[in-house]
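# Observations on the three-dimensional arrangement
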Amino acid sequence: MPHTILLAEPRGFCAGVVRAINVLDQVLDESTEPVYAFHEIVHNRYVVDDFRSRGAIFVEDVSEVPSGARIVFSAHGIAPSVVQAARDRGLRIIDATCPLVTKVHLETKKAAKDGYDVLLVGHEGHDEVEGTKGEALDRTRVVDTPHDVQSLVEGNRPIFVVTQTTLSVDDTAATIDAIRERYPNAEVRNDICYATTNRQAAVKVIAERADLVIVIGSQNSSNSVRLREVAAATGTPAYRVDGIEEIDPAWYEGVGIVGLTAGASVPDTLLQPIIDDLRTRGVTRVEPVIVAEETIEFRMPEELDYSKANA
Ligand code: SF4
């Protein structure tokens, strides 16, 4: 019977997600007209469903948005071609891109301008990678694994390396080692963000003590998927679920200590039903395991930052 829960800290919302949610929240509160959001504002089913129920309309292409309407860009960033398409339709843009993703865009754009070929370490097809790649489409190649590095066609420009912000710290180190081996003069920026790094460090610590790890987060949330992988790499069984309804009670058989964490786009409220359920199954101790303190906050985008207007 489970008797103890180890609660990873930090877990759940990061500063970029808090900002993106606050942006859409404020725009919805202020608007008397429909509000559109390009892609999921953050990769979490509950958050997106909640905004949908409040009237937000999520689209996959700006051509779905009536000209002149307000559109919010998600935390994952946006390719310049999409921004241009939105401007061409006369859309009023509010950009909720996480500032740490914007930094990777700027690095990519500058590297291409300075004559580099860019290697973007990340997952092809992920919203963030598509946005970053769009800064220098003809100069950027996406690599995911050391194997991808071996398969690259040789070019004659120097190499600049950037990374997706939500990768596995350990897997990325292996890919960057492979890049350095093949291109010893490559300029390397490791852009995995503080929130991803801290959540992976915390899940590793709880996984080493637990008999089972549960990660809350959606399938399309890169950082949540990575958290499960990091936990499983310690040898402890680990599952990723959207919420309590996806938990199979059979997982708890023979388990004394349950490790619990949540991806950067997951509201903490989704943990409580799991904790309450575990208490009914015998848990008497909930132990926070603090690996890092986070104090980072991001300002709202200029168009919504009224403190500036009143300053
Ligand atoms: Fe920003 Fe990192 Fe959060 Fe992504 S996971 S929104 S890069 S702070």
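Described in the following lines is the structure provided in the data block.

Conventions adopted
Residues numbered from 1 in each chain as written. Predicted model: local features only at pLDDT ≥ 70, side-chain atom pairs only at ≥ 80, totals over all residues. Heavy atoms only, no water. Pairing = 2+ DSSP bridges. Helix = DSSP H or I, 4+ residues; strand = E, 2+ residues; numbered from the N terminus. 1 Å grid on protein atoms, 1.4 Å probe; cavity = no way out; pocket = protein on both sides within 12 Å on 5 of 7 lines; lining within 4 Å. Points joined across faces, edges and corners; volume = space filled by probe spheres on them. Nonpolar A, V, L, I, M, F, W, Y, C, P; charged D, E, K, R; others polar. Domains from an automatic or database assignment. Axes fitted to C-alpha atoms, helices over the stretch in contact; angles between N-to-C directions. Contact = heavy atoms within 4.5 Å. Near = heavy atom within 4 Å. Sits in = over half its atoms within 2 Å of the grid points.

Ordered in space as β7-β6-β8-β9, the 4 strands form an open sheet in which the pairing is parallel. The sheet terminates laterally at β7 (140–143) and β9 (187–188), the two strands that pair on one side only. Both strand β6 (residues 117–121) and β7 contribute to a ladder of 4 bridges, which runs parallel. Looking across to β7, one finds that Val121 is bridged to Val143.

On to the layout of surface pockets, then. Taken as a whole, the largest pocket spans an internal volume of roughly 210 Å³. Ile78, Pro80, Val83, Asp95, Thr97, Thr102, His105, Leu106, Lys109 and Glu135 together form the lining of the largest pocket. Elements represented by at least two residues in the lining of the largest pocket include exactly α3 (80–88) and α4 (99–113). Element by element, the count of residues in the lining of the largest pocket is highest for α4, at 4 residues. Partitioned by chemical class, the residues of the lining of the largest pocket number 4 nonpolar, 3 polar and 3 charged. Each of domain 2 (15–98 + 298–309) and domain 3 (100–188) contributes no fewer than three residues to the lining of the largest pocket.

This part covers empty space enclosed by the protein. As enumerated under the stated definition, the model contains 1 cavity of 30 Å³ or more in all. Its volume calculated, the largest cavity comes out at about 290 Å³. Lining of the largest cavity is provided by 25 residues; of these, Cys14, Val17, His76, Thr165 and Thr166 occupy positions nearest its centre. Secondary-structure elements contributing two or more residues to the lining of the largest cavity are α1 (15–30), α4, α8 (194–209) and α9 (222–233). Per-class residue counts for the lining of the largest cavity are 13 nonpolar, 11 polar and 1 charged.

The next point concerns the sheet that holds strand β1 (residues 4–9). On the basis of which strands lie adjacent, the open sheet formed by 5 strands has the order β11-β10-β12-β1-β13 and parallel pairing. The open sheet terminates on both sides in strands that have one partner only, identified here as β11 (238–241) and β13 (285–290). Strand-to-strand twist across the sheet, computed as the mean angle between neighbouring axes with direction ignored, equals 25 degrees. By the bridge criterion, 6 bridges tie β1 to β13 in an arrangement that is parallel. The partner of Ile5 across the bridge, within β13, is Val286. Sheet strands touched by α9: β10 (212–216), β11 and β12 (257–262). Its angle to β11, the strand with the most contacts, is close to 165 degrees.

All right, on to the site of the ligand then. In the region of the ligand, the neighbouring residues are Cys14, Gly16, Val17, Cys98, Leu100, Val101, Thr165, Thr166, Cys193 and Tyr194. A molecule is said to occupy a pocket when more than half its atoms come within 2 Å of that pocket's grid points, and by this definition the ligand occupies the largest cavity. A domain split of the shell around the ligand shows at least three residues from each of domain 2 (15–98 + 298–309) and domain 3 (100–188).

This paragraph deals with the environment of Ser74. Here Ser74 shows up in the loop between β4 (70–73) and α3. Along the sequence, Ser74 and His105 sit 31 residues apart, while their C-alpha atoms lie 14 Å from each other. Once residues lying within four places of it in the same chain are set aside, the contact partners of Ser74 are Phe38, His39, Glu40, Ile41, Ala96 and Thr97.

Among the secondary structure elements, Ser224 is positioned in helix α9. The residues contacting Ser224, other than those within four sequence positions of it, are Val215, Ile216, Gly217, Ser218, Arg240 and Gly263.

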